[in-house]
Amino acid sequence: MTRREDLRSVLVIGSGPIVIGQACEFDYSGTQACRVLKAEGIRVSLVNSNPATIMTDPEFADATYVEPITLDVLQKVIAKERPDAVLPTLGGQTALNAAVELHESGTLAEYGVELIGADIEAIKAGEDRERFKEIVIGLGAEVPASTICRTLDEALAIADSLGYPVVVRPSYTLGGSGSGIAYTADDLRLIAGAGLDASPVTEVLLEESILGWKEFELELMRDRHDNVVVVCSIENIDPMGVHTGDSVTVAPAMTLTDREYQHMRDTAIAVVRAVGVDTGGCNIQFAVHPGTGRMVVIEMNPRVSRSSALASKATGFPIAKIAAKLAVGYTLDEIRNDITGETPASFEPALDYVVVKVPRFAFEKFPGADPVLTTHMKSVGEAMAIGRSFPEALQKALRSTERRGAELSWADPPGDRADLIERCRIPHDGRLSTVHQALRAGATVAELSAASGIDAWFIDQVKFIEELNERLTPDKVLDAPVLRMVKSAGFSDAQIAGLRGVTAARVRDLRHALGVRPVFHTVDTCAAEFAARTPYLYSTYDDETEVPPGDRPKVIILGSGPNRIGQGIEFDYACVHASFALAEAGYETVMVNCNPETVSTDYDTSGRLYFEPLTLEDVLEVVHAERASGPLAGVIVQLGGQTPLGLARELTEAGVPIVGTSAQAIHLAEDRGAFGRVLAEAGLAAPRSGTASSYPQAKAVADEVGYPVLVRPSYVLGGRGMEIVYDDGALEAYVHRATQISPEHPVLIDRFLDDAIEIDVDALYDGAELFLGGVMEHIEEAGIHSGDSACALPPITLGPGDVARVREATELIAAGVGVRGLLNVQYALAAGVLYVLEANPRASRTVPFVSKATATPLAKAAARIMLGATIADLRAEGLLPARGDGGTLPLDAPIAVKEAVLPFGRFRDTKGEGVDTVLGPEMRSTGEVMGIDEEFGTAYAKSQAAAYGALPVKGRAFVSVANSDKRSMIFPVKRLADLGFEIWATAGTAEVLRRNGVRAKIVRKQGDGPGPDGEPTIVTRILDGQVDLIVNTPFGAPGQTGPRVDGYEIRTAAVRRGIPCVTTTAGLAAAVHGIEAIQRGEVGVRSLQEHAARLRAQP
Amino acid sequence: MTLLDGSGVSRPAVLLLEDGRAFDGHAFGADGETFGEMVFNTGMTGYQETLTDPSYCRQIVAMTAPHIGNTGINDEDAESRRIWVSGYVIRELSPIASNWRSKRSLDAELASQGVTGIAISGTRALTRHLRERGAMRAVISTRAADRRELLDKVLASPQMAGADLAREVTTPEPYTVRPPEGTRTRFRVAAVDLGIKAATPRRMAERGCEVRVLPADVTGDQILATEPDGVFFSNGPGDPAAAGYAVEAMRAVLAAGRPVFGICLGSQILGRALGLDTYKLRFGHRGVNQPVQDLTTGRVHITSHNHGFAVRPPDDPGAKGPFGTPYGAAIVSHRNLNDGVVEGLRLLDTPAFAIQYHPEAAPGPHDAEASFDEFCAMMEAPR
Ligand SMILES: Nc1ncnc2c1ncn2[C@@H]1O[C@H](COP(=O)(O)OP(=O)(O)O)[C@@H](O)[C@H]1O
Ligand SMILES: Nc1ncnc2c1ncn2[C@@H]1O[C@H](COP(=O)(O)OP(=O)(O)O)[C@@H](O)[C@H]1O
Ligand SMILES: [Mg+2]
Ligand SMILES: [Mg+2]
């Protein structure tokens, strides 16, 4: 073995919060890396600000720094840890950029730290698009014509010479941030302007458009002996012009001859060598002209990427794990293929199945955002499915996205043929469904391929699915051969039921009666050439099942499906923890999930992995197969978020043993009426509320509970469509807008608690004892969704009395509902009354945060409780602390602040303007960070630095707040002035400040326009970079509803320039704390292990 | 797996193995009853090259990749004058051919060449079966026949062990492949066609070789009479033990000290000429992802394979050192990292080497192309 013996301590850089374009795939890769390094006996230190990751679990590294990924922090960590090397290729673009900074600041040289897995020159050659193109051309391969521009004027001139449309792309950004397609000079001004802002080196590339060409990706690995393998080819079904992250993709490539494929492979390998990727994984994108086969190289990423996570899950070849081994000196032939256990990793996987990935979007959360897909990524998650044919994989993937209407449907008439063909021209979420409807309406494969640029082969496959519907019409007999035929084309029972006008349960019963069930095949990397010993399985309607038998009692853990806003990596964390804890307790763990980015879908995580959609049908088949293979202890539904929780009732009805909180208990917490009775019995308060299905009813409720009220439709979860309404007029408007309201689906109307402190609680309950995991006090007041609000743990202003009340209330709810396992409750404390907002009988988004802040593995404990352990047992075992809980933290416990990360910067409306950034009761954040330190100010400052960039310590603060906020803003702004900030304000705000002794310079509002002497407005000043901190609360005066637009331009300008923008006065107070803390002196770094040791040292 | 013709009617067919395992499916290509050795290929691209590779003569080939036919059939990618597989087993036949070079569909091509194909759902089950029990004889039949009778016919069909097939597939007449316009002719190569693929002489011609392709049963004297700078022994079908004529020819060339390069069957012929034994692998190597390590440099190449036989290494299989042969010392130069099978031989005192895999690829990766350069270097070296 040739592992380098000189590497004894390695620093791994993570990727920070989940944002669009950089999601849990880097937790997956980072976790694998940490595992590999630890297994090699290397000391691992890690920096990652994202507490929801598995990689930041204290057991995965020797020193885990949940700190902002900034140069300053990294320098401090390096000074403290003195690692031999830094491994930056598994933490996405964030880590790679950080590595470049460490190099350029001289830090690496100063401390004698080596970069492993990457080489600065290679990073630069890969990421600097101009240099990259020179290298490719030097190899005799082609690239799209392009020119680098550093100013807008230059860009306009170049575009004229290239001809429109042109593609605009900044260097060094991820997920295509700041890129776009300009069809006109106006578009170009808009996009290039933004692109010049988005690129850290302020340059953009203008490129000849090759829209409509076929797009491919290859995932490669290289070792230090220059052995190179192509792990996977991925074909984008959406042609060039749609970011690969937003494209429906398929692996392996379906429409290349061997000659074309080998040409691509040869070019890719030559590029890897020429760029000089040191060791590890990299990804190269290609475009192929459909009519001539001309091939051009688009870009390369000299690191592990989202596509490599997909490729790993698609092939069973663990790219990140192997990249980590290569980085410490092994060569590919020295590394074993885990799946076969016999053959080496120096080979190229052969697939005997088809893998389809479908992105998941969240446009409904960003009204006004342009939903047309383009060169920058807009999706927030993805689902992957495996089938033995493209139709089977495609249909499984579509239903895996859990988006209503994602499955191909015959429910409604297709619509107008010509119109549908037109719609296929424009890339959009669900374009394949539009293709399907167009086929139904009589469009031909050729017409649709011409309109969409989608290869005719894929459209023909959709047509094949379309034609099968004829065998399912109610007049046809549904016998075993027909069922088998349509099931092997991926039809769900629900689709069949829809076509026949019966229930899905009827179809399922018939299918089972006829013995038509899927079998499970192994993802084995080798198309069955060698036996596989790792049970990584997928369902298919095929011949032979490969589920291995087993005697140990099994626990099936249902995962959380594709990432979406409100249900992301936090739930994957809980599932993975349950798997680890239960494996340790002697169970065989079985994971079911369909999200390729996650740690849960790593074949190493659980005893068995089923890569399957999380629908009732698919889960029931897994349960059936597992029952056939050995004893089943139960199924866990409470850790994967709302997705599995929603299956609880039907699974129970189908006789599946749910462990932990029962389906009935879940109903008690989820059903408003039932929950209301639980609260009433316990004597707990809830905001007054009512339901209405018409305006007069709504008005009657509002009159009774009193304005303001919070209104929401009852048929959606996750705060969708929620609004705060201040008067009758607005209420009437809301009821009229909410067209889907009916007596079965009324509007829910709650008294809105103004100025209330929101409190979030995660707790464990075993039927007798309550373990309060943590009490989190929100920074923003109630009314800002708990997922979007920052919060502090332990609470910063609540007294012991308040915590005692929270504990008591939580225990009453846990007992009243009948919780076994985890419970999350949200409270609002208003005028001394503790109101219960809602209770979720499941893991919550905050479980990983609480677990890390308090050094207590809540999800592991929950899993054990679900299988019968008591809290007392777990205390005795040492899994939970012997005494006390998260509600009795010592006074000098560290303070952890969670901050949400919002994706506003990624969205624009159809006119190219930014979308508003104001927070509300509907959740819109994609991820979170944690700042942890001894005191609140520092912890808060760290959280801000991790989420948005460091708080400024000097300069200009611009303040403009709503009338209702003027009073509470005075003190913190005064403090800012004392701390040395120059205060700017709009006229009204300035007046209030002056009267309170704060000198504020008046600046013009956007509405005022430039002044007589050309004095710029605040927006212009922000865009010019004259402002360092913005405080702007929405002018949501009572009586006004809908998007609160007054400060909109200010806030979008702030996002564009990346200037910290505080939108609540509570947030302002926290920010001032933070600024004071930074000014006071050095902000230190401390690992979770050190924090935990201190916590545990408490008597 | 669902295969319908334009009228929505499918033609039933059966694949029956000699151990009685049967797979029902749907026919494509020509109707008929066809026998051969059942093997599987794990390549995900290159079905046209595979079908036309003479080494597949008398074999029924199953593709593990589920979708076949997607890119149709074109006029450039065939590796020989015809399709050689005796039957073709796939899971999903593409209803359309979608590629800019495609001229016709796979279905039509098989039909016009009289080759019977069958689409079955259980290609993976079949592969697992062959992996466990080894390659075996089989039939694809589109005729509604009695299973028992069909099985008897399978059992009566010829075995691959002992089969001499190179003479069946070889060119009837010699022909010459010249360097492309603009490339200087540097060497004259005599290529013994034991089942040569079109890409092979092309790869040599690109390097300045004028390649004289000779029929399989050419004698050593006849080869040397062409005054070649080097002699190439190609890939091909069948059992090397049954191709004694080629072994004889090889010996004559070695004795004359002419540079020799062999691939695939040609490599097994070299092995036998050196006095080594050859044997039948359980299920062979057929695919484009096989890791082969060069034992002298440690480098690994991902290579294209199609072989059911292999050279048995001298005495103990782990031995790396040189061994004696009538032509001086020799070494095992390459091994397959999956299973340790001998993938290359090299003589140390005579200019001769051979590899068990396909440097011409087609289909497959081009990692091993440098073997042709090595052959040229050998021819260049002063003798
Ligand atoms: N010249 C071009 N013409 C048309 N589309 C392009 C062009 N270059 C890139 N694209 C599209 O934009 C997407 C993003 O570009 P890419 O270079 O891959 O940047 P990123 O770093 O964001 O992945 C690609 O996936 C492709 O679909
Ligand atoms: N009655 C209320 N008064 C004030 N704020 C409320 C009230 N009800 C809900 N909210 C706010 O709306 C957010 C979302 O409401 P919640 O019921 O928790 O929905 P979800 O299911 O989306 O979590 C809460 O986090 C809280 O900030
Ligand atoms: Mg890209
Ligand atoms: Mg909530």
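Now for a look at the structure at hand. (Residues numbered from 1 in each chain as written. Chains lettered and ligands numbered in written order. Predicted model: local features only at pLDDT ≥ 70, side-chain atom pairs only at ≥ 80, totals over all residues. Heavy atoms only, no water.)

## Some points on the interface of chain A and chain B
Okay, so step 1: Residue-level contacts link 64 residues of chain A with 57 residues of chain B.
Okay, so step 2: Here chain A and chain B share an interface that buries about 4,800 Å² over both sides, 48% of which is from carbon and sulfur atoms.
Okay, so step 3: Counting across the chain A and chain B interface gives 10 salt bridges.
Okay, so step 4: Here chain A and chain B share 36 residue pairs in polar contact (both at pLDDT 80 or more) between them.
Okay, so step 5: Elements with a minimum of two residues in the side of chain A that touches chain B: strand E11 (228-236), helix H9 (258-275), helix H12 (390-400), helix H16 (456-468), helix H17 (480-488) and strand E17 (519-522) of chain A.
Okay, so step 6: For the side of chain A that touches chain B, the class distribution of residues is 27 nonpolar, 17 polar and 20 charged. (Contact = heavy atoms within 4.5 Å. Buried area = accessible area lost by both parts, 1.4 Å probe. Salt bridge = Lys/Arg side-chain N within 4 Å of Asp/Glu carboxyl O. Polar contact = N/O pair within 3.5 Å; in protein donor to acceptor, adjacent residues only side chain to side chain. Helix = DSSP H or I, 4+ residues; strand = E, 2+ residues; numbered from the N terminus. Nonpolar A, V, L, I, M, F, W, Y, C, P; charged D, E, K, R; others polar.)

## A few points about the packing of helix H18 (residues 493-500) of chain A against helix H19 (residues 504-513) of chain A
All names here are of chain A.
Okay, so step 1: Taken N-terminus to C-terminus, the directions of H18 and H19 make an angle of 110°; their axes are 8 Å apart at the nearest point. Viewed along their axes, H18 and H19 adopt a mutual orientation that is roughly perpendicular. Handedness of the H18/H19 crossing: right-handed. Each of Asp493, Ala494, Ile496 and Ala497 in H18 lies in contact with H19, whose residues at this interface are Ala504, Val507, Arg508 and Arg511. (Axes fitted to C-alpha atoms, helices over the stretch in contact; angles between N-to-C directions. Parallel < 35°, antiparallel > 145°, perpendicular 65-115°, else oblique. Left-handed = near helix turned anticlockwise from the far one by under 90°.)

## Some remarks on the site of ligand 2
All names here are of chain A.
Okay, so step 1: Near ligand 2, the surroundings consist of 19 residues, among which Arg751, Glu758, His785, Gln826 and Glu838 are the closest.
Okay, so step 2: Measuring from an oxygen atom of ligand 2, one finds a side-chain N or O atom of Gln826 at 2.6 Å.
Okay, so step 3: Burial of ligand 2 by the protein amounts to 94% of the accessible area it has alone, namely 540 Å².
Okay, so step 4: Among the secondary structure elements, those contributing two or more residues to the shell around ligand 2 are strand E24 (709-713) and strand E31 (833-840).
Okay, so step 5: Each residue belonging to the shell around ligand 2 can be placed in one class, and the counts come to 9 nonpolar, 6 polar and 4 charged. (Near = heavy atom within 4 Å. Areas by Shrake-Rupley, 256 points an atom, 1.4 Å probe, with all protein chains shown as cover.)

## Quick look at the site of ligand 1
All names here are of chain A.
Okay, so step 1: With respect to spatial proximity, 20 residues lie near ligand 1, and among them Arg169, Glu207, Ile210, Glu215 and Gln285 are the closest.
Okay, so step 2: For ligand 1, whose free accessible area comes to 550 Å², the fraction covered by protein is 96%.
Okay, so step 3: Going through the elements one at a time, strand E7 (166-170), strand E9 (204-208) and strand E14 (295-301) are the ones with two or more residues in the shell around ligand 1.
Okay, so step 4: Each residue belonging to the shell around ligand 1 can be placed in one class, and the counts come to 6 nonpolar, 8 polar and 6 charged.

## Overview of the coordination of the magnesium ion (ligand 3)
Residue and element names in this part refer to chain A.
Okay, so step 1: Within the first shell, the magnesium ion (ligand 3) binds the protein through Gln285 (OE1) and Glu299 (OE), at distances of 2.2 Å. In this pair, Gln285 is assigned in strand E13 (residues 280-288) and Glu299 in strand E14, connecting sequence segments 14 residues apart. In terms of burial, Gln285 and Glu299 fall into one category: buried. (Donors = N, O, S within 2.8 Å, 3.2 Å for Na, K, Ca; no water. Buried < 20%, exposed > 50% of the residue type's maximum accessible area, 1.4 Å probe, protein only.)

## As for the coordination of the magnesium ion (ligand 4)
Residue and element names in this part refer to chain A.
Okay, so step 1: At 2.1 to 2.7 Å from the magnesium ion (ligand 4) lie its protein donor atoms, namely Gln826 (OE1), Gln826 (NE2) and Glu838 (OE). One end of the pair, Gln826, is in strand E30 (residues 821-830); the other, Glu838, is in strand E31, and 12 residues separate them in sequence.
Okay, so step 2: Among the residues examined, Glu838 registers a relative accessible area of 31% and is labelled partly exposed.

## Looking at the sheet that holds strand E4 (residues 85-87) of chain A
Residues and elements named next belong to chain A.
Okay, so step 1: Pairing is parallel in the open sheet, where 5 strands are placed in the order E3-E2-E1-E4-E5. The strands lining the two open edges of the sheet, one partner per strand, are strand E3 (63-65) and strand E5 (114-115).
Okay, so step 2: As defined by bridge partners, strand E2 (residues 43-47) adjoins E3 across 3 bridges and the pair is classed as parallel. Residue Leu46 lies in a different strand from E3, and its bridge partner there is Thr64. (Pairing = 2+ DSSP bridges.)

## What to know about helix H11 (residues 319-327) of chain A
Residues and elements named next belong to chain A.
Okay, so step 1: Of all 9 residues that make up H11, 8 are buried, and the element is covered over most of its length.
Okay, so step 2: Of all the residues in H11, the buried ones are Ile319, Ala320, Lys321, Ile322, Ala323, Ala324, Leu326 and Ala327.
Okay, so step 3: Following H11 by one or two positions, Gly329 has its phi on the positive side, about 115°.

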